Amino acid sequence: MSFHRADRRGFALAVSMMAIVVIGALIAGAFFASTQEYRVGRNTLVGQRAFTVAEFGLNKEISEWDRARNLPGGMSTGEIDASQVYVVDGDTAFVTITKLNDNTFWVVSEGQASMGNAQLKSRARTNAYVRIAYPTVTVRGALTTAGSVDLRGNAAITGMDVSGTNP
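Residues numbered from 1 in each chain as written. Predicted model: local features only at pLDDT ≥ 70, side-chain atom pairs only at ≥ 80, totals over all residues. Heavy atoms only, no water.

## Brief notes about the overall build of the protein chain
What the protein chain contains, in helices and strands, is 1 helix and 4 strands. Listing the helices and strands of the protein chain from first to last along the sequence gives α-β-β-β-β. The proportion of buried residues among the 167 residues of the protein chain is 23%. If you sum the accessible surface of the protein chain, you get close to 13,200 Å²; carbon and sulfur atoms cover 58% of it. (Helix = DSSP H or I, 4+ residues; strand = E, 2+ residues; numbered from the N terminus. Buried < 20%, exposed > 50% of the residue type's maximum accessible area, 1.4 Å probe, protein only. Areas by Shrake-Rupley, 256 points an atom, 1.4 Å probe, with all protein chains shown as cover.)

Structure (structure tokens):
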């Protein structure tokens, strides 16, 4: 006696269609994951370029410091100097300097990077607190010493020039 069921016809077609759908979903998921990974990597690169150009602007400004800012009449306390713009390979750094008091400044650099694509813009900001340290020297005379001085010899200072006339 054989027990063959006649309603099993077409079962292989249904299994193969289900396998195609599952394999297609796996391929679509792998494609989506690789696209997302590419985008994350690209955006990270643009963000790093923005940070790098911001650091470049900050370092460039400090290395080429305008000493006129330190002098009386150069910049007043609270004044902002925002005219510095540096461009490197299409990326831009905008630098602002704020005078906090007589010898301290706050330097802020904002970097913008786009890698040639307007939709891929990234901004990063770095800043530095710059203190200009210069000595205060009180001059008390033509010759000032920190210890005892022992002079020997027969030098004479008259205040007259070589020709013997008083200037």
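Once the structure has been displayed, the description carries forward.
## Brief notes about the sheet that holds strand E1 (residues 80-88)
The antiparallel open sheet is built from 4 strands, whose spatial order is E1-E2-E3-E4. Edge positions in the open sheet fall to E1 and strand E4 (122-131), since each of these has one partner strand only. Each strand axis lies, on average, 20° off the axis of its neighbour in the sheet, ignoring direction. By the bridge criterion, 7 bridges tie E1 to strand E2 (residues 91-99) in an arrangement that is antiparallel. Bridged to Gln-84 within E2 is Val-95. Lying on the sheet, helix H1 (residues 11-63) is in contact with E1, E2, strand E3 (104-113) and E4; it crosses E4 at an angle near 25°. (Pairing = 2+ DSSP bridges. Axes fitted to C-alpha atoms, helices over the stretch in contact; angles between N-to-C directions. Contact = heavy atoms within 4.5 Å.)

## Re the packing of aromatic side chains
This structure, assessed with the given rule, holds 1 aromatic pair. Relative to Phe-105, the ring of Trp-65 lies with its centre 5.0 Å away and its plane at 70°, an arrangement referred to as edge-to-face. A residue pair is termed long-range when its members are at least 10 positions apart, and Trp-65 in the loop between H1 and E1 and Phe-105 in strand E3 qualify at 40 residues. Comparing Trp-65 with Phe-105, the two get one shared label, buried. The side chain of Arg-69 reaches across the aromatic face of Trp-65, ending 4.8 Å from its centre. (Phe/Tyr/Trp six-rings, centres within 6.5 Å; stacked < 30°, edge-to-face > 60°. Lys NZ or Arg CZ within 6 Å of the ring centre and 35° of its normal.)

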